[in-house]
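# Tertiary structure, described
Take a look at the letters that make up each chain.
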Amino acid sequence: DTCSFFLRLPLRNLSFWVPMLLSRQHATVRAAARSFQAVAQPTRPIFFDMQHSNNAARIRLWLMLKGGDVASKIERRIVKYTDLQTEEFVAVNPLKKVPGFIRADGTTVFESSVILNYLEDKYAADGAITFKPATPEGRQTMDLVIRIHDLYIASPNCTAPGFSHTQGAMYLSFGWHGPARGMDAETRAAKVAEIWKQLSWLEANCAASPWLLGDSEQATLADFTWFPTCVFLEFMLPRVFGWSPPFEEGPATPFPKLARWYTGLQARPSFGEVHKEIWSYWVEMEAAGQFKPIQEEVAARGDLKFLYP
């Protein structure tokens, strides 16, 4: 070995052999590092998903419905909350959220809308279906519908502790999550009012038969974006705040067009599968007691409005 070799050398030769052997050793280490990088870099893109994440589910729907062999070209990895805190995942998404994505060239991408638009561009020629409207006006409408969702429903727009998205009003609490993710009753009431406001806007501005956009012949990225979130709304608004089922067709719903759209999509296999995955997770969390602190808070604060309309 290297050590016994040095011990057998005359002292006068050490000044020659040591630098030379160390140089060779460093070269070996560098070669090994290059080999590891070659193995570590994905041979195909990687999509980081989570069972109940509405924002990741829109990517999942796209993969299910794109057709061709696109789904086989992209690896899907299911992660859990504990995985989001690891150094490995933070290197993919520094916001510690799903979805995350690694392109085939090793570049990391995050934010669901960015990933979805990248996939639609990257694989435009790989399937017969495109999920963007054919006209500039249609694409503008789609972008606005998605923007409303991402800004006012599904994103906290701040990564600091104590900030949460509007949808978090339905399931985040001090009692279950602690001070970093919980909220006070006044904040919760304001966020519930925002949910009502944005659903009312969507009801007024959607076609919803069978898609959100009236001039589209098939689903668009807007349908992929809103449907998983509506599973959250369907499950939680009645249980936590006493709303009538918002997307159940009939005279009780204040959103008849959205109810028709949602019911129609749920009957389609891919959307039905996503519904089942998200719904089953929240059934487990309800049984575990996650909603109880919020239900108790709502019951104790009759001075605040949580029930709409």
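Note that this is a predicted model, so its numbers are computed, not measured. (Residues numbered from 1 in each chain as written. Predicted model: local features only at pLDDT ≥ 70, side-chain atom pairs only at ≥ 80, totals over all residues. Heavy atoms only, no water.)

This part is about the pairing of strand β1 (residues 46-49). On any regular strand, side chains alternate: one points to one face of the sheet, the next to the other face. Side-chain alternation along β1 places I46 and F48 on one buried face and F47 and D49 on a second face that is also buried. Strand direction decides the pairing type here: β1 and strand β2 (residues 75-78), joined by four bridges, are parallel. The residue bridging D49 from the neighbouring strand is I78, located in β2. (Buried < 20%, exposed > 50% of the residue type's maximum accessible area, 1.4 Å probe, protein only. Helix = DSSP H or I, 4+ residues; strand = E, 2+ residues; numbered from the N terminus. Pairing = 2+ DSSP bridges.)

So, on to the packing of aromatic side chains. Per the counting criterion, the structure on display carries 22 aromatic pairs. Ring centres 6.4 Å apart and planes at 50° place the aromatic pair W261 and Y262 in the tilted group. Here W261 and Y262 have matching classes, each one buried. Site record: aromatic cluster; members linked through ring pairs are F131, F224, F227, F247, W261, Y262 and F271. Cation over ring: R239 sits above F235, and NZ or CZ is 3.8 Å from the ring centre. Taking the ring centre of Y308 as reference, the NZ or CZ of K305 above it sits at 4.4 Å. (Phe/Tyr/Trp six-rings, centres within 6.5 Å; stacked < 30°, edge-to-face > 60°. Lys NZ or Arg CZ within 6 Å of the ring centre and 35° of its normal.)

The next point concerns the state of the cysteines. Disulfides are covalent bonds that connect the sulfur atoms of two cysteines. A full pass over the atoms with the stated rule returns zero disulfides. Not engaged in a disulfide, the cysteine C230 finds its nearest cysteine sulfur in C206; these two sulfurs lie 9.7 Å apart. Judged by relative accessible area, which is 0%, C230 ranks as buried. (Disulfide = S-S within 2.5 Å.)

In the predicted model, the protein carries a mean pLDDT of 89, and the fraction of residues at 70 or more is 86%. A low-confidence stretch, residues 1-39 stays under pLDDT 50, and its non-local contacts, those more than four residues away or across chains, total nine contacts. (pLDDT = per-residue confidence, 0-100. Contact = heavy atoms within 4.5 Å.)

Quick look at the packing of helix α3 (residues 54-65) against helix α11 (residues 221-241) now. Following both chains from N to C, one finds α3 and α11 inclined at 130°, their axes separated by 8 Å at the closest point. On the basis of the axis angle, α3 is oblique to α11. As α3 packs across α11, the resulting crossing turns out to be right-handed. Where α3 abuts α11, its residues N54, A57, R58, L61, W62 and L65 lie against L221, F224, T225, P228, T229 and F232. (Axes fitted to C-alpha atoms, helices over the stretch in contact; angles between N-to-C directions. Parallel < 35°, antiparallel > 145°, perpendicular 65-115°, else oblique. Left-handed = near helix turned anticlockwise from the far one by under 90°.)

Within the secondary structure, T220 sits in the loop between α10 (185-205) and α11. Ignoring anything within four residues of it in the chain, the contact list for T220 reads F131, P133, M142 and L213.

Turning to the environment of V70, a few remarks are in order. Here V70 shows up in helix α4 (residues 70-73). A residue is classified by how much of its surface remains accessible, and V70, at 0% relative accessible area, is buried. Taking the C-alpha atoms as reference points, V70 and G127, 57 residues apart in sequence, are found 7.6 Å from one another.

Another aspect to go through is the nonpolar core. Residues W62, L199, W226, F241, W261 and W282 are the most contacted members of the largest nonpolar core, which totals 78 residues. Per-element accounting of this core gives the leading share, 14 residues, to α11. If we skip the residues at most four places from it in the chain, W282 touches H52, Y171, F232, F235, M236, Q290 and F291. (Core = buried A, V, L, I, M, F, W, Y, C linked by side-chain atoms within 4.5 Å.)

Glancing now at α10. Taking 1.5 Å as the rise per residue, α10 with 21 residues should run 30 Å; its terminal C-alpha atoms sit 30 Å apart, in good agreement. Of the surrounding secondary structure, the elements contacted by the buried residues of α10 are α8 (136-152), α11, α12 (256-266) and α14 (292-300). The residue sitting at the N-terminus of α10 and contributing the capping side-chain oxygen is D184; that oxygen lies 3.3 Å from the backbone nitrogen of E186. (Expected span 1.5 Å × (residues − 1). Polar contact = N/O pair within 3.5 Å; in protein donor to acceptor, adjacent residues only side chain to side chain.)

Take the packing of α12 against helix α13 (residues 269-288) next. Interaxial distance between α12 and α13 falls to 6 Å at its minimum, and their mutual angle equals 95°. When the interaxial angle is binned, α12 and α13 end up roughly perpendicular. Where α12 abuts α13, its residues Y262, L265 and Q266 lie against F271, G272 and H275. Residue composition of the contact of α12 with α13, grouped by class: three nonpolar, three polar and no charged. (Nonpolar A, V, L, I, M, F, W, Y, C, P; charged D, E, K, R; others polar.)

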